[in-house]
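Reading the structure
Chain residues, written in single-letter form:
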Amino acid sequence: MSSATTAPPPPTVTDPTPAPVRGPEPGPSRARPLRVLIGLVGMVLIVWFVANLFLGFAFYPEWFFDNKIFIGALALVAGVGGAAGLFYFLNMFVEGLPRRLSEGLIPYAFLLPSVAFIGLMLIYPTIQTINYSFANADSTAYVGFANYRSIFSDSQFWQSIINNILWIIVVPAVTVVFGVVVAVLADKLTARGEKLSKSFIFLPMAISFVGASAIWGLIYAYDNPGSPQTGLLNAIWVTLGGEPQTWLNIPTARLNSFLMMVILIWLQVGFAMILLSSAIKGVPEDTIEAARIDGASEVQIFFKVVIPQIKGTIITVFITVLILVLKVFDIVYVMTNGRFNTDVIANRFFNELFANSQAGRATAIVVILLLAVIPVLIYQVRHFRAEEANR
Amino acid sequence: MSRTLMKDGRPRSVFSVITMVVLVVLWTIPTLGLLATSFRTRDDAASSGWWTAVLNPFGAGWTTENYSKVFEGSDIGVGLLNSVVIAIPATILPIMFAAFAAYAFTFMEFRGKDVIFIVIVGLLVVPIQVAFQPMLDILGPEGLGISGQYISVWLLHTGFGMPLALYTLRNYMATLPVSIVESAKVDGCSHYQTFWKLVAPMAVPAMAAFATLQFLWVWNDLLIAKLFLNSDNSTVIVQVQQLLGTQGQGKELLTAAAFISMVVPMIVFFSLQRFFVRGLTSGAVKG
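Definitions and cut-offs
Residues numbered from 1 in each chain as written. Chains lettered and ligands numbered in written order. Predicted model: local features only at pLDDT ≥ 70, side-chain atom pairs only at ≥ 80, totals over all residues. Helix = DSSP H or I, 4+ residues; strand = E, 2+ residues; numbered from the N terminus. Rg over C-alpha atoms; globule rule 2.2 N^0.38 Å. Buried ≥ 20, exposed ≤ 12 C-beta atoms within 10 Å, placed from the backbone. Contact = placed C-beta atoms within 7 Å. Core = buried A, V, L, I, M, F, W, Y, C linked by C-beta atoms within 7 Å. Domains from an automatic or database assignment. Nonpolar A, V, L, I, M, F, W, Y, C, P; charged D, E, K, R; others polar. Axes fitted to C-alpha atoms, helices over the stretch in contact; angles between N-to-C directions. Parallel < 35°, antiparallel > 145°, perpendicular 65-115°, else oblique. Left-handed = near helix turned anticlockwise from the far one by under 90°. pLDDT = per-residue confidence, 0-100. Expected span 1.5 Å × (residues − 1). Bend = angle between axes of the 7 residues up to and from the residue.

Some thoughts on the overall build of chain A
- A count of helical and extended segments in chain A gives 16 helices and zero strands.
- On C-alpha atoms alone, chain A measures out to a radius of gyration of 29 Å, which is more than a quarter above the 21 Å that the 2.2 N^0.38 rule sets for 391 residues.
- Taking the principal axes of its C-alpha atoms as reference, chain A extends roughly 95 × 70 × 50 Å.
- Within the span of chain A, comprising 391 residues, buried residues form 40% of the whole.
- Within chain A, contacts between residues separated by at least 24 positions form 65% of all contacts whose residues are at least 6 apart in sequence.

With respect to the overall build of chain B
- The secondary structure content of chain B amounts to 14 helices and zero strands.
- When its helices and strands are written in sequence order, chain B yields α-α-α-α-α-α-α-α-α-α-α-α-α-α.
- In terms of overall dimensions, chain B is more spread out than a globule: its C-alpha atoms have a radius of gyration of 24 Å, far above the 19 Å expected for 287 residues.
- With the principal axes as the frame, chain B shows a C-alpha extent of 75 × 70 × 30 Å.

As for the environment of M260 of chain A
- With respect to the secondary-structure elements, M260 of chain A resides in helix 10 (residues 255-281).
- Beyond its immediate stretch of four places on either side in the chain, M260 of chain A contacts I331, V332, M335 and T342 of chain A.

Topic: the nonpolar core
- Counting 191 residues, the largest nonpolar core has A101 and L169 of chain B as its most contacted members.
- Discounting chain neighbours no more than four positions away, the residues touching A101 of chain B are F110, L111, S114 and V115 of chain A together with L166 of chain B.

Structural notes on the domain arrangement of chain B
Residue and element names in this part refer to chain B.
- As assigned here, chain B comprises domain 1 (14-63) and domain 2 (70-281).
- Distance between the C-alpha centres of domain 1 and domain 2: 34 Å.
- In this complex, domain 1 contributes seven residues to the contact, which on the side of domain 2 involves six residues.
- Taken together, the elements giving at least two residues each to the side of domain 1 that touches domain 2 come down to helix 1 (14-38) and helix 2 (42-47).

A look at the interface of chain B and chain A
- Between chain B and chain A, the contact holds 93 residues from the first and 97 residues from the second.
- Sorting elements by how many residues they give to the side of chain B that touches chain A places helix 5 (residues 76-107) of chain B first, with 15 residues.
- Residues of the side of chain B that touches chain A, tallied by class, amount to 65 nonpolar, 26 polar and two charged.

Thoughts on the packing of helix 6 (residues 155-187) of chain A against helix 13 (residues 311-326) of chain A
All names here are of chain A.
- Remark: helix 6 packs on helix 13, axes separated minimally by 9 Å, with the N-to-C direction vectors making an angle of 140°. In terms of axis orientation, helix 6 runs oblique to helix 13. When the axes of helix 6 and helix 13 are compared, the crossing they make is right-handed. Between helix 6 and helix 13, the contacting residues are W167, I168, V171, P172, T175, V176 and G179 on the first element and I314, V317, F318, V321, L322, V325 and L326 on the second.
- Residues belonging to the contact of helix 6 with helix 13 are distributed by class as follows: 12 nonpolar, two polar and no charged.

What about the domain arrangement of chain A?
- In terms of domains, chain A is made up of domain 1 (2-13 + 25-132) and domain 2 (149-390).
- Between domain 1 of chain A and domain 2 of chain A, the C-alpha centre-to-centre distance is 41 Å.

Overview of the confidence of the model for chain A
- This prediction gives chain A a mean pLDDT of 85; 92% of its residues lie at or above 70.
- Contacts from residues 1-26 of chain A, a stretch scored under 50 in pLDDT, to residues over four places away or in other chains number 20 contacts.

Focus: helix 10 of chain A
Residues and elements named next belong to chain A.
- Counted at 1.5 Å a residue, the expected span for helix 10 with its 27 residues is 39 Å, and the 37 Å between its end C-alpha atoms agrees.
- Of all the bends found along helix 10, the most pronounced is centred on Q268 and spans about 35°.
- Burial analysis of helix 10 places 21 of its 27 residues in the buried class, which makes it a mostly covered element.

Let's talk about the confidence of the model for chain B
- In the predicted model, chain B carries a mean pLDDT of 86, and 94% of its residues have values of at least 70.
- Predicted complex, confidence summary: ipTM 0.89, pTM 0.88.

Some words on the packing of helix 6 (residues 113-123) of chain B against helix 8 (residues 150-173) of chain B
All names here are of chain B.
- For the pair helix 6 and helix 8, the least separation of the axes is 9 Å and the interaxial angle reads 120°. Put simply, helix 6 runs oblique to helix 8. Crossing of helix 6 over helix 8 shows left-handed handedness. Two secondary-structure elements touch here, helix 6 through I120, V121 and L123 and helix 8 through P163, L166 and Y167.
- A per-class count over the contact of helix 6 with helix 8 returns six nonpolar, no polar and no charged.

Notes on unusual backbone geometry
Residues and elements named next belong to chain A.
- In this model, S139 sits at a positive phi of 55°, which is unusual for a non-glycine residue.
- With respect to the helices, strands and loops of the structure, S139 is situated in the loop between helix 4 (99-132) and helix 5 (146-152).
- In this structure, A253 is a non-glycine residue whose phi angle is positive, near 55°.

Brief notes about the environment of F215 of chain B
Residue and element names in this part refer to chain B.
- Tracing the backbone through its elements, the reader meets F215 in helix 11 (residues 204-220).
- Counting along the chain gives 80 residues from F215 to M135, while the straight-line C-alpha distance between them is 22 Å.
- Once residues lying within four places of it in the same chain are set aside, the contact partners of F215 are A87, T91 and V268.

Structure representation (structure tokens):
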């Protein structure tokens with residue numbers, strides 16, 4: 001524990017004058033060496049024990065009878081108990097310090113574990129990824145901008161950029177529109193009808209991208225002409241007099257990309273609906289009544305009264321779906337793996353990193369993705385600031 | 001629009017009812033197709049559309065064989081177990097850590113508070129792909145050597161889920177009255193005690209909302225599970241993804257396996273739905 005080094009020798013810091021009576025404040029202002037010691041030893045022991053236990057799961061599963069349920073349960077107890085215990089001893093350690101020091105330190109003690117996770121899993125890797133993007137395929141030597149030159153001269157990369165832009169234009173907007181429509185219509189139903197219909201619409205939220213791809217794979221399935229079509233889309237198409245199509249292989253007008261976007265929209269409308277529905281219910285009835293008295297039609301009321309009042313939520317939903325779309329991977333990977341002009345950035349990254357073992361180019365692609373999210377990031381931070389100011 | 005009134009006095013909107021019914025049917029048909037296909041033999045599924053069986057339920061040869069084959073002939077059972085063993089700690093750990101930090105962000109004053117939180121808000125947007133190559137180095141054979149094991153995935157999901165967990169819990173805690181915490185302090189409670197006795201119990205709705213989201217995300221994740229787990233430990237989602245490539249023999253298993261992979265998240269989602277909706281709409285998750 002690095003915080004141990006900040007613990008001063010207790011006696012030197014004690015307040016020489018007796019503390020004035022300040023009401024029932026917790027704890028004395030002097031250091032309590034025993035608490036500091038117990039806290040320190042407790043923290044070290046817990047970290048040591050949990051780390052070893054978890055390494056044990058990894059390297060010696062036979063110690064745990066090779067039993068996954070047992071390992072999982074033990075990990076849960078050790079992880080949660082360890083975290084609780086760690087905070088307990090950390091708190092004891094900090095409280096044992098002289099009060100002035102302890103009050104300054106305790107917020108950092110509470111922050112330490114989660115900030116450490118964020119630093120290790122997100123901030124450090126981001127910097128390292130930028131670093132790797134200037135290095136060769138196995139990150140052993142710097143190559144300058146060679147990776148960037150290489151991806152920018154790769155037509156498939158531009159293809160995926162164009163596809164990503166299409167996804168960004170289509171999916172968030174369509175999701176929001178569907179979300180608003182469903183929320184408005186559901187609001188006009190009986191309470192039971194509303195609840196029931198909403199459940200059906202947001203059921204797909206629980207389904208994985210992989211599961212959704214399995215589901216929609218059945219819809220887009222192809223059978224040879226003449227034989228009965230088992231894919232729903234082809235069945236309808238053939239009934240209408242068309243020839244059966246291998247839908248996901250048709251890059252004309254990016255049809256295959258649009259068909260995959262349908263999957264993501266289908267998954268996300270439920271989420272949009274939840275937020276938008278509560279925003280619509282929050283629109284004050286008297287604003288609507290007033291418009292009605294002024295003779296506005298229902299359509300006018302909707303666009304001129306309701307929409308302006310739920311604009312904030314619409315933007316929130318839009319941004320959330322946008323972030324998701326920027327890194328869309330699973331659906332494309334599973335359905336086409338980027339063939340037939342359907343590639344997207346996240347899938348290119350995956351293939352560069354694992355199929356081609358090109359860490360340099362893969363990380364360069366991530367850096368491009370990172371640059372692409374910066375506007376969203378700035379918006380997000382500004383939005384947060386504005387909201388805090390209103391709090 | 002018709003003039004008849006509903007029980008609560010609002011006019012009944014026939015247009016809304018019809019449109020919603022159409023939307024609900026459209027939204028349900030894809031899943032229904034998978035469910036129906038999973039109960040058909042491979043020959044049936046290859047020779048006629050699933051809707052022919054649904055429209056003629058007594059003439060169709062329904063079978064549960066796909067499900068029994070999935071459990072006997074493949075490792076789906078193990079995969080389900082792996083998914084559970086991975087998802088539960090990966091859901092609870094970020095909440096544990098984030099709750100303490102959110103308490104500090106809400107009820108304590110310290111230097112750097114705003115800057116740190118702004119960084120966290122920014123990280124909500126950063127794609128997790130940035131972490132893969134460096135984390136493969138740290139966790140892989142040249143680093144700690146725990147890549148492939150549960151623990152590496154627990155750690156990754158805890159780290160990646162942390163910004164959202166912090167953001168959700170902190171925003172929720174900010175709606176709690178500060179006076180409660182202050183009066184606890186006057187009564188001589190330490191921060192640790194105040195957290196456990198007062199703030200944590202009050203923050204349960206936000207925790208449940210985040211837990212639902214995180215559980216679904218971990219359970220349904222393909223990318224991290226594919227990269228950081230070895231084949232013994234792979235999740236049911238990875239197994240379904242591998243089955244998706246199957247043609248001919250074994251193809252019928254896909255639908256059953258896919259449906260099995262959806263059952264647990266659906267149960268979790270619908271049992272925690274109330275918290276989830278409340279958490280989302282109370283401004284707990286803002287983007």
